[in-house]
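Structural characterization, general
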Amino acid sequence: MNAKLDSGIATLPVTRQTFDEVLVPTYAPAAMVPVRASGLDLWDQEGKHYLDFTSGIAVTALGHANPEVNEALTRQLNTLWHIGNGYTNEPVLRLASALIDATFAERAFFCNSGAEANEAALKLARKYAHGKFGPHKSRIVSCLSSFHGRTLFTVSVGGQPKYTEGFEPLPQDLSHIPYNDIEAARAAITDDVAAVIVEPIQGEGGVIPGNPDYLKALREFCDKTGALLVFDEVQSGMGRTGSLFAYEQMGVVPDVLTSAKALGNGYPIGAMLTTTEIGQYLAVGTHGTTYGGNPLASSVGLKVLELINQPAFLGRVKEASAKVMANLQQLAADYPNVFGQPRGMGLLIGLPMAEGFKGRSKDYTKLCEKLGLMLLIAGPDVVRLAPALVVTDEQIVEADRLMRAAVAEFAGA
Ligand SMILES: *Cc1c(COP(=O)(O)O)cnc(C)c1O
């Protein structure tokens, strides 16, 4: 008998305070605890309502508790949960086929998160380069301020030293170059480079769109040296920028693409997409994960892909983007001492703090939260908006109203 369960721990009252008592302090969650959500509407423990312009960091692209996604998951819940990689399953075969059909890719590998998808991409790049060119070809080139996940390999490849401090020794043969700097890339991408990994638009690093000429130059340098070009579309993918994947708008096709976040709309899944020729280097037994491509995650991913990859849906993302952008441009014009010019693609938008308010993005989003609007930051100097892609015109107007109410209070303070 479990004494704790007997004493009713499953129904024990829990609060934000409980977090500090029972969880490892890797996060600093908000004061309110969300308990229920539908679409972009969310309620906390007190029953207070919030308009969610975060999507759980660009994850719930179809909104919370999307009925069609719920239906797909429920159907699969009652059919087959788990089978292990000694067997394949119907949902994963359908999801892989659909992703291949929708992209440059010919092969897919599934896992459970963005970090794992990038880990797979980086391991594939090393395996491919070593197999095809020899062990000297091992260097991974990535960008400063980039974010690729929190496994030791992906966090070391990421361009934010504060995330690797204290975790040494780190994986070797990694180089970091400034983003959007063609000459730095030309100098760094030499014959010993196995892969260049890049976000087509940097998310965590401040919502910084990649310059198409830069991404084209990376393609050219990779072709010259035999390095693989990996696009990390964990945040930019699945319709977020107004196309299924951002690469489609950049005029550059990568060798490997990673997806996660919105692919599961909140159900954990990650995917690595590549070609047949490259993918064959991950032969039987070279890589894997227990839950990768499980029927539940795959059923969700397939439904999400079906709903997002429609011209009308993606067209609406661009339309909603233009409306949010126009509002933010006006906000920045009305409060030039507080905000700089908004930037981004689709519904991944950054609003930088002006000089006098540098370092205070979190203070501003906290004020918005108090008024009932959830926003993200992308570092201390940038407010980040990533509403569900199903955001309505009315919700865009309401977010603008709340952001204005908050800035009036903020600027006066
Ligand atoms: C969030 C993110 C990741 C990491 O994904 P996890 O699911 O948290 O492991 C990797 N790359 C980018 C660009 C991201 O935004």
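Residues numbered from 1 in each chain as written. Predicted model: local features only at pLDDT ≥ 70, side-chain atom pairs only at ≥ 80, totals over all residues. Heavy atoms only, no water.

Notes on the site of the ligand
Inspection of the region around the ligand gives Ser 113, Gly 114, Ala 115, Asn 118, Phe 147, His 148, Gly 149, Glu 199, Asp 232, Val 234, Gln 235 and Lys 261 as its neighbouring residues. For the ligand, a nitrogen atom lies 3.2 Å from a polar atom in the backbone of Phe 147. Taking Gln 235, its side chain carries an N or O atom lying 2.7 Å from an oxygen atom of the ligand. Here the ligand, which alone exposes 380 Å², has 81% of that area covered by the protein. No other element matches helix α6 (residues 114-132), which puts 3 residues into the shell around the ligand. A class-by-class count of the residues in the shell around the ligand yields 3 nonpolar, 6 polar and 3 charged. (Near = heavy atom within 4 Å. Polar contact = N/O pair within 3.5 Å; in protein donor to acceptor, adjacent residues only side chain to side chain. Areas by Shrake-Rupley, 256 points an atom, 1.4 Å probe, with all protein chains shown as cover. Helix = DSSP H or I, 4+ residues; strand = E, 2+ residues; numbered from the N terminus. Nonpolar A, V, L, I, M, F, W, Y, C, P; charged D, E, K, R; others polar.)

Comments concerning the UniProt feature "binding site: pyridoxal 5'-phosphate" (unreviewed entry) in the protein
Mapped onto this structure's residue numbering, the UniProt feature "binding site: pyridoxal 5'-phosphate" (unreviewed entry) falls at Gly 114, Ala 115, Phe 147, Asp 232, Glu 233, Val 234, Gln 235 and Thr 290. Spatial dispersion of the annotated residues is evident: they stretch over 177 residues in sequence, and the largest pairwise C-alpha distance comes to 25.0 Å. If near-sequence neighbours (up to four positions away) are discounted, Gly 114 is found in contact with His 148, Val 234 and Ala 260. If you trace the backbone, Val 234 turns up in the loop between β10 (228-232) and α10 (247-250). The class of Val 234 is buried, set by a relative accessible area of 9%. Beyond its immediate sequence surroundings of up to four residues, Val 234 is in contact with Gly 114, Asn 118, Thr 258, Ser 259, Ala 260 and Lys 261. (UniProt positions renumbered as here; feature names shortened; annotations may be inferred. Contact = heavy atoms within 4.5 Å. Buried < 20%, exposed > 50% of the residue type's maximum accessible area, 1.4 Å probe, protein only.)

Side note on the pattern of salt bridges
Counted according to the given criterion, the structure contains 21 salt bridges. In this structure, the salt-bridge partner of Glu 319 is Arg 316, at a minimum N-O distance of 2.5 Å. Of this pair, Glu 319 and Arg 316 both sit in helix α13 (residues 311-334), separated by 3 residues, roughly a single helical turn. Across the pair Glu 409 and Lys 370 runs a salt bridge, and its minimum N-O distance is 3.4 Å. Placement of Glu 409 in helix α15 (residues 393-412) and of Lys 370 in helix α14 (residues 361-371) is noted, with a sequence separation of 39 residues between them. Classification of Glu 409 as partly exposed rests on a relative accessible area of 38%. (Salt bridge = Lys/Arg side-chain N within 4 Å of Asp/Glu carboxyl O.)

Considerations on the environment of Phe 104
Among the secondary structure elements, Phe 104 is positioned in the loop between α5 (90-102) and β4 (107-111). Residues Phe 104 and Pro 254 lie 150 residues apart in sequence; the distance between their C-alpha atoms is 8.3 Å. The residues touching Phe 104, leaving out its near neighbours within four places in the chain, are Tyr 247, Val 253, Pro 254, Asp 255, Val 256, Leu 257, Leu 273 and Thr 274.

Points about the nonpolar core
Core analysis: the largest hydrophobic core is formed by 93 residues, its most contacted members being Ile 308 and Tyr 364. Ranked by the residues each element gives to this core, the list is headed by α13, at 9 residues. With residues up to four places along the chain from it excluded, the contact list for Ile 308 reads Ala 61, Leu 62, Met 238, Gly 239, Leu 244, Phe 313, Leu 314 and Leu 389. Among the nonpolar cores identified, the runner-up in size contains 21 residues, and Phe 109, Ala 195, Val 256 and Leu 282 belong to it. (Core = buried A, V, L, I, M, F, W, Y, C linked by side-chain atoms within 4.5 Å.)

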